[in-house]
Amino acid sequence: MIASSATFCVKFSQQRYACVLDPTLALSRYGLLLVKQLGTVMDIWLGREFWNIIDNTRFYLDHPELLLLPMATGSGPLNKQPYILQDMLQALQQWEQMGKQTTLTDLKLFRIGERPEESFLPRGMGTEIIWYYESLARSLEAQALKEFDSSEVLTSAFRDTVALAAAIGSPFILTHQFPPTATAETLPPGICMALTSWQIPCQAVTLQDEMATLERNYLRQIFVQAGLAKFLWAGLHLTVLHLLAPAASQSGSLPIHHQEYQSPKNKDFAKFPNAETNLWKGSQGFWYQL
């Protein structure tokens, strides 16, 4: 496959990309359809809290407002816009139905569960990735400017998405700008706001950046191959978020301490890096609209 700009001509390999999907995108109007089509050309990951939401669909169908971004826009608070809640309800119902009709394997969907048997990992990936992810998620919570509140569903879902992307070394997080009127100059993706609250700066990459142009053209070719051009025409502002986490990528050489990990559902023995190690030191986020 060839991607080019005014000054570059680069041949890319045909190895499948992997991306982590923003939970708000997965729960948007086009979320499940996007996953189904993108899964034909790319390996898709979704964070643990997203699957907790799907496992409790009945509750969130009664309380969809808990899954809305806690922000206001120029047209008023999101929870005052009925069409947003309607889209959320429809998406929840679609994901619930999907779980009854198909499997993660069919959709090329990967996940890290609370235990190895609850995980669905690519062939060749060891279960130690689970403990690495746990370390990253805990360390990210410690970064918060205010005390981390796990009862805030989207906060937990964003944490899982970011930690998952760093753990598997995903090329990017696929997110979106919302509402449809948002632009790079007006409103960054919600997950970028979460990164900022965790003291991880997140900046927009300008449309004039040559590297972004090169990658954008390549990803657009992949999306066209998957039949996704219509989503962009429909006004879906797909956005690519790159996460640079140098300390996390070097953590394989950090001292490891054994300790018992207590989760709400089970106990497992896991390996965690030293609690004093800041796995997110020097981390940054960079995003651009596809």
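The sections below set out a description of the structure shown in this document. (Residues numbered from 1 in each chain as written. Predicted model: local features only at pLDDT ≥ 70, side-chain atom pairs only at ≥ 80, totals over all residues. Heavy atoms only, no water.)

Topic: unusual backbone geometry
For step 1, the next point in the chain: Positive phi, normally seen in glycine, also occurs at glutamine 199, with a value near 65 degrees.
For step 2, the next point in the chain: By secondary structure assignment, the location of glutamine 199 is in the loop between α9 (190–197) and β9 (202–204).
For step 3, the next point in the chain: Judged by relative accessible area, which is 48%, glutamine 199 ranks as partly exposed. (Helix = DSSP H or I, 4+ residues; strand = E, 2+ residues; numbered from the N terminus. Buried < 20%, exposed > 50% of the residue type's maximum accessible area, 1.4 Å probe, protein only.)

Some points on the sheet that holds strand β13 (residues 284–289)
For step 1, the next point in the chain: Across the sheet, which stays open at both edges, the seven strands sit in the order β7-β4-β3-β8-β10-β13-β9 with mixed pairing between neighbours. The open sheet has two edge strands, β7 (109–110) and β9, and neither has a second partner.
For step 2, the next point in the chain: Relative to β13, β9 runs parallel, the two sharing three bridges. Bridging from a neighbouring strand, glutamine 203 pairs with phenylalanine 286 of β13. (Pairing = 2+ DSSP bridges.)

Let's talk about the pairing of strand β4 (residues 42–45)
For step 1, the next point in the chain: Residues of β4 alternate between two faces, with Met42 and Ile44 on one and Asp43 and Trp45 on the opposite face, all of them buried.
For step 2, the next point in the chain: Relative to β4, strand β3 (residues 17–21) runs parallel, the two sharing four bridges. Bridging from a neighbouring strand, tyrosine 17 pairs with methionine 42 of β4.

Looking at the nonpolar core
For step 1, the next point in the chain: The biggest cluster of nonpolar side chains holds 44 residues, and the ones touching the most others in it are Leu27, Leu38, Met42, Trp95, Leu174 and Phe223.
For step 2, the next point in the chain: What tryptophan 95 contacts, discounting residues up to four positions off in sequence, is Ala26, Leu27, Leu32, Val35, Leu46, Phe50, Trp51, Ile54 and Leu109.
For step 3, the next point in the chain: By size, the runner-up hydrophobic cluster in this structure holds 40 residues, among which are Tyr132, Ala137, Ala144 and Phe148. (Core = buried A, V, L, I, M, F, W, Y, C linked by side-chain atoms within 4.5 Å. Contact = heavy atoms within 4.5 Å.)

A short note on the pattern of salt bridges
For step 1, the next point in the chain: All chains considered together, the criterion is met by seven salt bridges.
For step 2, the next point in the chain: Here arginine 58 and glutamate 96 are joined by a salt bridge, their closest N and O atoms 2.6 Å apart. Of this pair, arginine 58 sits in helix α4 (residues 57–62) while glutamate 96 sits in helix α5 (residues 82–101); the two residues are 38 residues apart in sequence, bridging distant segments of the chain.
For step 3, the next point in the chain: By relative accessible area, which is 52% here, arginine 58 ends up exposed.
For step 4, the next point in the chain: Among the ionic pairs, arginine 115 bridges to glutamate 118, the shortest N-O distance being 3.1 Å.
For step 5, the next point in the chain: Among the charged side chains, a salt-bridge network with shared partners connects Arg115, Glu117 and Glu118. (Salt bridge = Lys/Arg side-chain N within 4 Å of Asp/Glu carboxyl O.)

Focus: the packing of helix α8 (residues 153–168) against α9
For step 1, the next point in the chain: Two elements in contact, α8 and α9, have axes whose closest approach is 10 Å; the angle formed by their N-to-C orientations is 85 degrees. Taken together, the axes of α8 and α9 are roughly perpendicular relative to one another. Here α8 contributes Phe158, Thr161 and Val162 to the contact with α9, which in turn contributes Gly190, Ile191, Ala194 and Leu195. (Axes fitted to C-alpha atoms, helices over the stretch in contact; angles between N-to-C directions. Parallel < 35°, antiparallel > 145°, perpendicular 65-115°, else oblique.)

Observations regarding helix α2 (residues 31–38)
For step 1, the next point in the chain: Counting buried positions along α2 yields six of eight residues, so the element is predominantly enclosed.
For step 2, the next point in the chain: Considered for burial, the residues of α2 that qualify are Gly31, Leu32, Leu34, Val35, Gln37 and Leu38.

Let's talk about the pairing of strand β8 (residues 172–176)
For step 1, the next point in the chain: Burial of β8 is extensive: five of the five residues sit out of reach of the surface.
For step 2, the next point in the chain: Burial along β8 is two-sided: Phe172, Leu174 and His176 and Ile173 and Thr175, pointing in opposite directions, are all buried.
For step 3, the next point in the chain: As paired strands, β3 and β8 are joined by three bridges and run parallel to one another. Counterpart to cysteine 19 in the pairing with β8 is phenylalanine 172.
For step 4, the next point in the chain: Two strands pair when backbone bridges link them, and β8 and strand β10 (residues 238–244) are joined in this way by four bridges, in the antiparallel orientation. Across the sheet, the residue bridging to histidine 176 is leucine 238, located in β10.

Description of helix α10 (residues 210–225)
For step 1, the next point in the chain: Given a rise of 1.5 Å per residue, 16 residues ought to cover 22 Å, and the 23 Å separating the end C-alpha atoms of α10 matches this to within 8%.
For step 2, the next point in the chain: Along α10, the residues classified as buried are Ala212, Thr213, Leu214, Glu215, Arg216, Tyr218, Leu219, Ile222 and Phe223.
For step 3, the next point in the chain: Measuring from the side-chain oxygen of the N-cap residue of α10 to the backbone nitrogen of methionine 211 gives 3.0 Å; that N-cap residue is aspartate 209.
For step 4, the next point in the chain: Two residues or fewer past α10, glycine 227 is found with a positive phi of approximately 75 degrees. (Expected span 1.5 Å × (residues − 1). Polar contact = N/O pair within 3.5 Å; in protein donor to acceptor, adjacent residues only side chain to side chain.)

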